[in-house]
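Chain by chain, the residues:
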Amino acid sequence: MIRLKDILFEQSQGNADPFGLRNLLNPDTGASGYDALDKLLKKRNKRDRRDKDKDRDDNKSDLLVNVLFIGDEETDAQFSYANQLLTSSRIKGDIVADKYLSTKKLKKLIGNSNKNEYDVISILDSGNDPTKISSKQSILNLIDMFKKAKKYNATVIVISSSEKDEQVHDWIKSQSITDHVIDIDEFSNNTSLLKTGFFNKQVHDVISRKWIQLIFGSKTADIDKDITDKTIINLGDSGETVVKIQKRLIDLGYDIDDESIGTFDLDTEAAVKDFQEDNSIEPYGVVDEETTRLLFSDDAISNIQDDEDDDDDMKTSGRPEPFIHYAEIIIDKFEGGYFNPDMPQGSDPVYARSGETMMGIDRLRSSYETDTAEGQQFWEIIDANSGWAEESEGEDKWTYNYRGGELEKQLTQLVGKIMQPQHQKNFDKYLSKQAKEIVNSDYNLTFHFVRATWNGSGWFQYFARKINEAIVNDITSAEELMSVAMDSRINTTYTNDANSKELIRRSGEKLQKELKPYD
């Protein structure tokens, strides 16, 4: 391992020692006080994830990379590069994040426990230290942290930007302790920072792509082999072989963005997993010999929907519509427009405990504004135009249920983008496999669960449990399951709170009016 004094000497040859670090550091800093990681990891359900990973075939285990992602709350945001990467079948691991994370806290996150479990330690830090310590002290903390990470024999990646502390960023780029540096400055600008100080989803998309190239790029050998050769094509690969795979998947009806052509990225991996599931292959997301043979055969099952394949004996309310279709109805018929507690009287008293809301998005009781780029943009638009915020002082104040006038379409589209990932998360987490298949085949059941996303994750789980229980009891008709769903709304036993029960009951009655008949 490279000793710190050697690193400092090497750095001092290339430039002056602006912070006087060389004589201040003790390279033999002890290991005490580094137990925070172990405590934080216990709060996460990592053991469940690892147990699940053990069920994979032995011949796939060498494809897995175990990663510890460290950072502030941005690292744990829904759209973050870390959460994007953890959707891959080749990457598993944990996110350890702390709000208002200082470099001192960051240093403590690298502990002595679990030291041999991670192949990669990935750190998002730019010296944005809320404790207002000097740049010099931030660097001292980062050096100590990087040293600890390297002791675990893991590949260390640090992701940095000059937006928060230019001196710290310059040091991060010049240091040689870590293995890789992703410099956000190379592909973003000031417009990438939102008012919360978070980078937007587009920046995190680029980070995830560069991260994949760093970790998997060097492992891709001879990727331009003929497609019939025995080989494995997977995340991080690029070239003509990948193009052939992608074009074949597109021909079979699987969704791959044009920008992905030529690079095996997360979207391509998702398409491969969908193809494997449809064709009864273990969905690992890698194109091995078995997948290749079936993918390019006449026996490959297409993902192109054919209405003639419907079972004539099964009553159906029709195929589900895209998510935004339901979102527009929910906004129009259920949630309405703008409200905040300071507005003049006129709202239903049952909503009295709500905070500032718009189209069913409650600013007080949700974290969409801090967790998603769309949520931040949504409330920025409202603040700039509603007349109730400092940014729009002097403008005519929006009245109860106002939907934004010319801004309504834009706000509606943002609400759809905010709620769809939350819906999918709840859908994947709470419904059984058979329930998912039935719901995904029926307009009304899909509507019920999209509406449940606005009701909240607790209600979604309750409604899902009722459907799962009904299926266990051999109730599998979509029409009968919809009756179970409506009963769980009209006669709910989830809560004893009178206001909550009344809201859900009304929601059920409104939903009944919007459902399609079963044919």
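It should be emphasised that the depicted structure is a prediction, and the values quoted were computed from it without experimental measurement.

**Some remarks on the overall build of the chain**
Right, on to step 1. Looking only at helices and strands, the chain has 20 helices and eight strands in total.
Right, on to step 2. Relative to its full complement of 519 residues, the chain shows a buried share of 47%.
Right, on to step 3. Taking the contacts inside the chain whose residues are at least 6 apart along the sequence as the reference set, 68% of them involve residues at least 24 apart.
Right, on to step 4. In the structure as shown, the chain presents an accessible area of about 26300 Å², 43% of it carried by carbon and sulfur atoms.

**So, the nonpolar core**
Right, on to step 1. Ranked by size, the top nonpolar core spans 54 residues in total, and within it Met358, Phe378, Leu411 and Phe449 carry the most contacts.
Right, on to step 2. Top contributing element to this core by residue count: helix H18 (residues 457-472), with eight residues.
Right, on to step 3. Setting aside residues up to four positions removed in sequence, Met358 forms contacts with Gly337, Tyr338, Phe378, Trp379, Ile382, Trp398, Tyr402, Arg403, Gly404 and Leu411.

**Some points on the sheet that holds strand E6 (residues 338-339)**
Right, on to step 1. The strand order E6-E7-E8 describes an open sheet built from three strands, whose pairing is antiparallel. Both edges of this open sheet fall to E6 and strand E8 (361-362), since each of them pairs with a single strand only.
Right, on to step 2. Judged from the two bridges that link them, E6 and strand E7 (residues 357-358) form a sheet pairing that is antiparallel. The residue of E7 that forms the bridge with Tyr338 is Met358.

**Description of the packing of helix H12 (residues 323-335) against helix H20 (residues 498-514)**
Right, on to step 1. Remark: H12 packs on H20, axes separated minimally by 11 Å, with the N-to-C direction vectors making an angle of 125 degrees. Taken together, H12 and H20 sit at an angle that is classed as oblique. Where H12 crosses over H20, the handedness of that crossing is right-handed. For the pair formed by H12 and H20, the contact residues are Ile329, Lys333 and Phe334 on the first element and Ser507, Lys510, Leu511 and Glu514 on the second.

**What to know about the pattern of salt bridges**
Right, on to step 1. Scanning the model with the defined rule gives nine salt bridges in all.
Right, on to step 2. Note that Asp332 is salt-bridged to Arg403, the shortest N-O span being 3.0 Å. Highlighted residues: Asp332 in helix H12 and Arg403 in the loop between helix H14 (373-385) and helix H15 (408-430), separated in sequence by 71 residues.
Right, on to step 3. Ionic pairing is found between Arg506 and Glu502, a salt bridge with its closest N-O pair at 3.1 Å. With Arg506 and Glu502 both in helix H20, this residue pair falls four residues apart, about one helical turn.
Right, on to step 4. Judged by its relative accessible area of 27%, Arg506 falls in the partly exposed class.
Right, on to step 5. If you follow the salt bridges from partner to partner, you end up with Glu356, Arg363, Glu369 and Asp383 in one network.

**Side note on the side chain of His423**
Right, on to step 1. One can find His423 in helix H15.
Right, on to step 2. A residue is classified by how much of its surface remains accessible, and His423, at 8% relative accessible area, is buried.
Right, on to step 3. Ignoring any residue separated from it by four or fewer positions in sequence, one finds His423 in contact with Phe323, Phe449, Val450, Thr453 and Phe460.

**What about unusual backbone geometry?**
Right, on to step 1. A positive phi angle, near 55 degrees, is found at Met359, a position not held by glycine.
Right, on to step 2. Tracing the sequence through the fold places Met359 in the loop between E7 and E8.
Right, on to step 3. According to the relative accessible area criterion, Met359 is buried, its value standing at 0%.
Right, on to step 4. With a phi close to 75 degrees, Asn401 is a non-glycine residue in the positive phi region.
Right, on to step 5. Structurally, Asn401 can be placed in the loop between H14 and H15.

**Observations concerning the sheet that holds strand E2 (residues 91-97)**
Pairing between sheet strands relies on hydrogen bonds along the backbone, with the strands arranged either parallel or antiparallel.
Right, on to step 1. Taken together, five strands build an open sheet; the order of strands is E2-E1-E3-E4-E5 and the sheet is parallel. The open sheet terminates on both sides in strands that have one partner only, identified here as E2 and strand E5 (180-183). For this sheet, the mean inter-axis angle between neighbouring strands, taken without regard to orientation, is 20 degrees.
Right, on to step 2. Of the pairings in the sheet, the one linking strand E4 (residues 155-160) to E5 comprises four bridges and is parallel in character. Paired with Ile159 across the strands is Ile182, a residue of E5.

**Considering the pairing of E2**
Put simply, side chains in a regular strand alternate between the two faces of the sheet.
Right, on to step 1. Judged by how many residues are buried, E2 sits mostly within the fold: six of seven residues are covered.
Right, on to step 2. Two elements, strand E1 (residues 65-71) and E2, share seven bridges in a ladder whose sense is parallel. Bridge pairing links Val67 to Gly93 in E2.

**A closer look at helix H9 (residues 240-251)**
Every α-helix carries 3.6 residues per turn, so stepping three or four residues along brings you back to the same face.
Right, on to step 1. The first and last C-alpha atoms of H9 sit 16 Å apart over twelve residues, in line with the 16 Å expected at 1.5 Å per residue.
Right, on to step 2. Within H9, the full set of buried residues consists of Thr241, Val242, Val243, Ile245, Gln246 and Leu249.
Right, on to step 3. Downstream of H9 by a residue or two, Gly253 has a phi angle that is positive, lying close to 95 degrees.

**A closer look at the environment of Glu480**
Right, on to step 1. As for its placement among the helices and strands, Glu480 is situated in helix H19 (residues 478-490).
Right, on to step 2. Overall, the relative accessible area of 46% leaves Glu480 in the partly exposed class.
Right, on to step 3. C-alpha of Glu480 to C-alpha of Ala470: the two residues are ten residues apart in sequence and 9.1 Å apart in space.

**Points about the confidence of the model for the chain**
Right, on to step 1. Across the chain, the average pLDDT comes to 76, with 74% of residues at or above 70.
Right, on to step 2. Below pLDDT 50 for its whole length, residues 1-61 participates in 92 contacts with residues either more than four positions away or in separate chains.
Right, on to step 3. Below a pLDDT of 50 lies the segment residues 218-230, which in the model reaches 21 contacts outside its immediate sequence neighbourhood of four places, other chains included.

Conventions adopted
- Residues numbered from 1 in each chain as written.
- Predicted model: local features only at pLDDT ≥ 70, side-chain atom pairs only at ≥ 80, totals over all residues.
- Heavy atoms only, no water.
- Helix = DSSP H or I, 4+ residues; strand = E, 2+ residues; numbered from the N terminus.
- Buried < 20%, exposed > 50% of the residue type's maximum accessible area, 1.4 Å probe, protein only.
- Contact = heavy atoms within 4.5 Å.
- Areas by Shrake-Rupley, 256 points an atom, 1.4 Å probe, with all protein chains shown as cover.
- Core = buried A, V, L, I, M, F, W, Y, C linked by side-chain atoms within 4.5 Å.
- Pairing = 2+ DSSP bridges.
- Axes fitted to C-alpha atoms, helices over the stretch in contact; angles between N-to-C directions.
- Parallel < 35°, antiparallel > 145°, perpendicular 65-115°, else oblique.
- Left-handed = near helix turned anticlockwise from the far one by under 90°.
- Salt bridge = Lys/Arg side-chain N within 4 Å of Asp/Glu carboxyl O.
- Expected span 1.5 Å × (residues − 1).
- pLDDT = per-residue confidence, 0-100.

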